[in-house]
Amino acid sequence: MIPPPFEYVAPKSVPEAVRLLSEDSEAKILAGGQSLLPMLKLRLVSPSLLIDINRIEGLDYIREENGWLKIGALAREASLERSDLVRSRYPLLADTCRSVADPQVRNLATLGGNLSHADPANDHPAAMLAYGAQVVITGPEGSRMIPVEQFFTGPFESALQHGELLTEICIPVPQMGSAGAYQKFERRVGDFATAAVAVQLRMDPDGTCAEAAIGLTNVGLTPIKAKAAGDVLVGRRPDDEVIRQAAQLAAEAAEPMDDQRGTEEYKRSLVKTLTVRALRTALARAGGGVQ
Amino acid sequence: MKTYPISLTVNGQKVEANVEARLLLVHFLREVLNLTGTHIGCDTTSCGACTVHLNGKAVKSCTVLAVQADGGMITTVEGLAQNGQLHPIQEGFHEMHGLQCGFCTPGMMMQAVAFLEENPDPTEDEIRMGISGNLCRCTGYTNIVKSIQYAAEKMRAERGQSEPGMEEMVR
């Protein structure tokens, strides 16, 4: 399959990329390209210009700073997956990276691209909802930071305006007793999720849950934050009954549709089971000294 | 038709060309450079038959533009053997009957080499996850895994890091 013709430019800085982007309403950003290239080949998109940001130096960082884990727009899935910092302190993110497609795709694919593409079937949006992450958006007027909850406005639609580029993802540095997990059910390895559940929680030393947030993948037109499911855990000891209640609420928050991956009923049932598994994994990790 | 000059190193050789922005890396390799060892299978980023190394990382060349490789280093299956000597992974596929029809083999070997660079002493499960982006429609995975185990042991031995008991893994 051959993509439609387009022009190509590889700017060396973010301001240059933003200028090029704001000058051409039909331009698209090329980061890892692992969603964009397939869409070009299927001719689902036909941009006039591809702005390749891969030549911008210093945009692939993964570091803790001022209470945030800051991830640059060009940090690859593979780099996140291998990062000792991510593996030791951000198990939900590490789980999620490992769930994305396959090793070759993860060598190029970026977290920034995964979010910007705003595909409700993508894995990271639910994880970022559970983390309470923020994204930094850079445009002609400068940068703004918004909660990821405000970022996903529809299927393949985000809060990015004309001329704007997602430049950084910020995850709150976990406090003592925090842990998370991502549980994905897929027809075969590397597929999009039939359904998946992201959990991030914090346990108090007395064994009650201090904070909990749950995100759902591919069971709605956008990624879903199952707020009631997280809230029911807070202030309680997460015993089997409380976990069951949270799982039930997560299943009720899902808005799945029948498709080739399963029926609406099946997917709702999956969300329930995956929520139980994700909560149990996160709780075991929180108890196991994983921050 | 607008073209863009690119300059890159393919299997150790400097290559320069003017290409359309939309030209895929796999088409550049096969049709411009005539390196047809890299196969086009699914053409949808699933099967991994087109896997090559771009700056040392395994990528699916059907999902990369040739212009993105400008200034880069590419290794294809044609670049695995050195001075007429098969690479350990090629020897492994030969010795352990790692191929049936052979279509997936170039991509399978390129991914295996990149994987073993990172994980020189993998478990069987790790190998299977390592090649999860490569499909063999003959379903010959058992012998593909054995081939990779063969190569892993040989590469470790070549590096002088052979561990006792490892020879048992390959029968």
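Residues numbered from 1 in each chain as written. Chains lettered and ligands numbered in written order. Predicted model: local features only at pLDDT ≥ 70, side-chain atom pairs only at ≥ 80, totals over all residues.

1. Section: the overall build of chain A
Threshold: Secondary structure elements follow DSSP: runs of H or I of four or more residues count as helices, runs of E of two or more count as strands, with numbering from the N terminus. Between the two quantities, the radius of gyration covers C-alpha atoms and the globule rule is 2.2 Å times the number of residues to the power 0.38. Remark: C-beta atoms are placed from the backbone, and a residue is labelled buried if 20 or more other C-beta atoms sit within 10 Å of its own, exposed if 12 or fewer do, or partly exposed between those counts.
Helix and strand content of chain A: eleven helices and 14 strands. In summary, chain A has a C-alpha radius of gyration of 19 Å against a globular reference of 19 Å for 291 residues, a match within 12%. Across its three principal directions, the C-alpha atoms of chain A cover 60 × 45 × 30 Å. Every one of the 291 residues in chain A was classed for burial, and the buried ones make up 52%.

2. Thoughts on the overall build of chain B
Quick reminder of the rule: Think of it this way: build a C-beta for each residue from its backbone, and any pair within 7 Å is a contact.
Scanning chain B from N- to C-terminus turns up five helices and five strands. In sequence order, the secondary structure elements of chain B are arranged as β-β-α-β-β-β-α-α-α-α. Since a compact globule built from 171 residues should have a radius of gyration of about 16 Å, the 17 Å found for chain B is in line with a globular shape. Viewed in the frame of its principal axes, chain B has a C-alpha envelope of about 60 × 35 × 25 Å. With 171 residues in all, chain B has 46% of them scored as buried. In chain B, 58% of the contacts between residues at least 6 apart in sequence involve partners at least 24 apart.

3. A few points about the sheet that holds strand β4 (residues 62-65) of chain A
Residues and elements named next belong to chain A. Applicable threshold: Here the rule is simple: two strands pair whenever DSSP picks up at least two bridges between them. Where helices are involved, their axes are fitted lines through C-alpha atoms of the stretch in contact, as for all axes, and angles between N-to-C directions lie from 0 to 180°.
Across the sheet, five strands lie side by side as β4-β5-β10-β6-β7; this open sheet has antiparallel pairing. Both outer strands of the open sheet, β4 and β7 (142-147), are each paired with one neighbouring strand and no more. Going from strand to strand, the sheet's axes swing by 25° on average, the running direction of each strand aside. Pairing geometry for β4 and strand β5 (residues 68-72), over four bridges, is antiparallel. For E64, the partnering residue across the bridge sits in β5 and is L69. Lying on the sheet, helix α1 (residues 14-23) is in contact with β6 (134-139) and β10 (165-172); it crosses β10 at an angle near 125°.

4. Considerations on the pairing of strand β11 (residues 178-185) of chain A
Residue and element names in this part refer to chain A. Within β11, eight of the eight residues are buried, which leaves the element mostly enclosed by the surrounding structure. Both faces of β11 are covered, namely the face carrying S178, G180, Y182 and K184 and the face carrying A179, A181, Q183 and F185. With eight bridges joining them, β11 and strand β12 (residues 195-203) adopt antiparallel strand pairing. Each residue of the ladder has a partner; that of F185, found in β12, is A195.

5. Digging into the domain arrangement of chain B
All names here are of chain B. The line we're drawing: Domain boundaries shown here were taken from an automatic or database domain assignment. For this scheme, ten residues count as nonpolar: Ala, Val, Leu, Ile, Met, Phe, Trp, Tyr, Cys and Pro. Four count as charged, namely Asp, Glu, Lys and Arg, and the remainder, Gly too, count as polar.
Its domain assignment divides chain B into domain 1 (4-79) and domain 2 (88-166). A separation of 22 Å is found between the C-alpha centroids of domain 1 and domain 2. Contact with domain 1, which involves 15 residues of that partner, is made by eleven residues of domain 2. By residue number, the principal contributor to the side of domain 1 that touches domain 2 is strand β3 (residues 51-54), which donates three residues. When its residues are assigned to classes, the side of domain 1 that touches domain 2 shows six nonpolar, eight polar and one charged.

6. Describing the domain arrangement of chain A
Residues and elements named next belong to chain A. According to the domain assignment, chain A consists of domain 1 (7-52), domain 2 (62-172) and domain 3 (178-285). The C-alpha-based centres of domain 1 and domain 2 are spaced at 18 Å. Each side of the interface is counted separately: domain 1 has twelve residues, and domain 2 has 19 residues. When grouped by side-chain class, the residues that make up the side of domain 1 that touches domain 2 number six nonpolar, six polar and no charged.

7. Focus: the environment of B:A112
All names here are of chain B. If you trace the backbone, A112 turns up in helix α3 (residues 105-118). Since 29 C-beta atoms lie within 10 Å of it, A112 is described here as buried. Spatially, the C-alpha atoms of A112 and N134 are 9.8 Å apart, while their sequence positions differ by 22 residues.

8. Let's talk about the sheet that holds strand β2 (residues 27-30) of chain A
Residue and element names in this part refer to chain A. One open sheet accounts for three strands, arranged β1-β3-β2; its pairing is parallel. Here the strands that pair on one side only, and so sit at the sheet edges, are β1 (7-9) and β2. Across the sheet, the mean angle from the axis of one strand to that of its neighbour is 25°, orientation sign disregarded. With three bridges connecting them, β1 and strand β3 (residues 49-52) associate as parallel partners. Each residue of the ladder has a partner; that of V9, found in β3, is I51.

9. Considering unusual backbone geometry
All names here are of chain B. Of note in the backbone geometry, N34 takes a positive phi value of approximately 60° without being a glycine. Position of N34 relative to the elements: it lies in the loop between α1 (25-32) and β3. For N34, a count of 8 C-beta atoms within 10 Å translates into the label exposed. The phi dihedral of D43 is positive, around 65°, even though this residue is not glycine.

10. Overview of helix α2 (residues 88-95) of chain B
It helps to recall that an α-helix has 3.6 residues per turn; residues three or four apart then point in one direction. All names here are of chain B. Heads up, the condition is: Of all possible arcs, the one meant is that of the directions from the helix axis to the C-beta atoms.
What α2 keeps buried is the set P88, I89, G92 and F93. End-on, the buried residues of α2 take up no more than an arc of 140°, which puts them together on one face. As for α2, its buried residues are in contact with α3 and α5 (141-158). Taken from the residues just after α2, H97 is the one with a positive phi, measuring 55°.

11. Let's talk about α3(B)
Test applied: For a helix, the expected span equals 1.5 Å multiplied by the number of residues minus one.
The end-to-end C-alpha distance of α3(B), which contains 14 residues, comes to 20 Å, matching closely the 20 Å that a straight helix rising 1.5 Å per residue would cover. Taken across its 14 residues, α3(B) has twelve buried, putting it largely inside the fold. By the burial criterion, the buried members of α3(B) are B:T105, B:P106, B:G107, B:M108, B:M109, B:M110, B:Q111, B:A112, B:V113, B:A114, B:F115 and B:L116. Tucked inside the fold, the buried residues of α3(B) contact α6 (103-108) of chain A together with β3, β4 (57-60), α2, α4 (124-130) and α5 of chain B.

12. Regarding the pairing of β4(B)
All names here are of chain B. Taken together, the four bridges between β3 and β4 define a ladder with antiparallel strand orientation. Residue H53 lies in a different strand from β4, and its bridge partner there is A58. Between β3 and the antiparallel strand that follows it, β4, lie two residues; N55 among them carries a positive phi value of about 50°.

13. Some thoughts on the interface of chain B and chain A
Tallying the contact residues gives 21 residues for chain B and 23 residues for chain A. Ranked by residue count, the leading element in the side of chain B that touches chain A is β4(B), at four residues.

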